[in-house]
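In case you want the letters, here they are:
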Amino acid sequence: MALQATPYKISLDISDTDRGVYESVKFTVARHPSETELRLASRVLAYAMFYHPHLAFGRGLSDTDEAALWEIDLTGEIQHWIDVGLPDAARVIKASRRAPKMSVVVYGNARLWREKVLPKFAHLNNVNVFVLPQNERKRRINHTTGQDNCR
């Protein structure tokens, strides 16, 4: 029996003074069985970063012809393609041809990706890359005292 997607109900208050966006949005997002919690959180963060009334979640994990998120105008044209994770250069280049604006929200250990993949599409003017910070310190909770001991 195939595993089912897990739905999450999300409520966001978005305030972006640079773009003049002040919205309270509620939506349900599905976590694919093979998707990590970190990737789901990154998709939700990308939704908040690039919020637009026409922004929607795509099936980017299960359908390679769709973005993780995308803004599609009323004529059906893709205006903004947003990928989350560490996409290969071919995917970024292909997406940059399908939309006037393409963004990549990178999470996790991106050092090798930045060295090997990023230079292959760095010349594209319509692609923006946002790297989410990675917490390099590991936390250890003392179970007797409940204190957080960083190392």
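All values reported here derive from a predicted model rather than from experimental measurement.

### Description of the overall build of the protein
- When helices and strands are counted, the protein shows four helices and nine strands.
- Secondary structure of the protein in N-to-C order comes out as β-β-α-β-β-β-α-β-α-α-β-β-β.
- Looking at the protein as a whole, 37% of its 151 residues are labelled buried.
- Put simply, the protein shows about 10,000 Å² of open surface, and 51% of that area lies on carbon and sulfur atoms.

### Details of the sheet that holds strand S7 (residues 127-131)
- One open sheet holds the five strands; their spatial order is S3-S4-S5-S6-S7, and the pairing between them is mixed. Where the open sheet ends on each side, the last strands, each with one partner, are strand S3 (55-57) and S7. Within this sheet the neighbouring strands show an average axis-to-axis angle of 20°, counted without direction.
- Pairing of S3 with strand S4 (residues 69-72), which is carried by three bridges, proceeds in the antiparallel orientation. From the neighbouring strand, Ala 56 faces S4, where its bridge partner is Trp 70.
- This element, helix H1 (residues 37-49), spans S3, S4, strand S5 (78-84), strand S6 (101-106) and S7 of the sheet and lies at about 150° to S5.

### Details of the pairing of strand S1 (residues 6-16)
- Here S1 pairs with strand S2 (residues 21-31) via 11 bridges, running antiparallel. Following the sheet pairing, Ile 10 is matched in S2 by Phe 27.

### As for the nonpolar core
- By size, the foremost hydrophobic cluster in this structure holds 21 residues, and its most contacted members are Leu 12, Tyr 47 and Leu 69.
- When residues no more than four places from it in sequence are discounted, the contact partners of Leu 69 are Arg 43, Ala 46, Tyr 47, Leu 55, Ala 56, Phe 57, Gly 58, His 80, Trp 81, Ile 82 and Val 84.
- Residues Val 92, Met 102, Val 117 and Leu 124 belong to the second largest nonpolar core, which totals 17 residues.

### Quick notes on H1
- The end-to-end C-alpha distance of H1, which contains 13 residues, comes to 18 Å, matching closely the 18 Å that a straight helix rising 1.5 Å per residue would cover.
- The complete set of buried residues in H1 reads Arg 39, Leu 40, Ser 42, Arg 43, Val 44, Ala 46 and Tyr 47.
- Tucked inside the fold, the buried residues of H1 contact S1, S2, S3, S4, S5 and S6.

### Quick word on the side chain of Asp 83
- Mapping Asp 83 onto the fold places it in strand S5.
- Judged by relative accessible area, which is 4%, Asp 83 ranks as buried.
- There is a polar contact of 2.8 Å between the side chain of Asp 83 and the side chain of Arg 91.
- Sequence-distant contacts of Asp 83, that is, excluding residues within four places in its chain, are made with Ala 67, Ala 68, Arg 91, Met 102, Ser 103, Val 104 and Val 105.

### What to know about the packing of aromatic side chains
- Inspection of the entire model under this criterion finds seven aromatic pairs.
- Summarising the aromatic geometry, the rings of Phe 27 and Phe 57 are spaced 5.5 Å apart at their centres and angled 40° between planes, so their arrangement reads as tilted. Of the two residues, Phe 27 sits in strand S2 while Phe 57 sits in strand S3, which places them 30 residues apart along the sequence.
- Looking at Phe 57, the relative accessible area reads 24%, which means it is partly exposed.

The rules we used
Residues numbered from 1 in each chain as written. Predicted model: local features only at pLDDT ≥ 70, side-chain atom pairs only at ≥ 80, totals over all residues. Heavy atoms only, no water. Helix = DSSP H or I, 4+ residues; strand = E, 2+ residues; numbered from the N terminus. Buried < 20%, exposed > 50% of the residue type's maximum accessible area, 1.4 Å probe, protein only. Areas by Shrake-Rupley, 256 points an atom, 1.4 Å probe, with all protein chains shown as cover. Pairing = 2+ DSSP bridges. Axes fitted to C-alpha atoms, helices over the stretch in contact; angles between N-to-C directions. Contact = heavy atoms within 4.5 Å. Core = buried A, V, L, I, M, F, W, Y, C linked by side-chain atoms within 4.5 Å. Expected span 1.5 Å × (residues − 1). Polar contact = N/O pair within 3.5 Å; in protein donor to acceptor, adjacent residues only side chain to side chain. Phe/Tyr/Trp six-rings, centres within 6.5 Å; stacked < 30°, edge-to-face > 60°.

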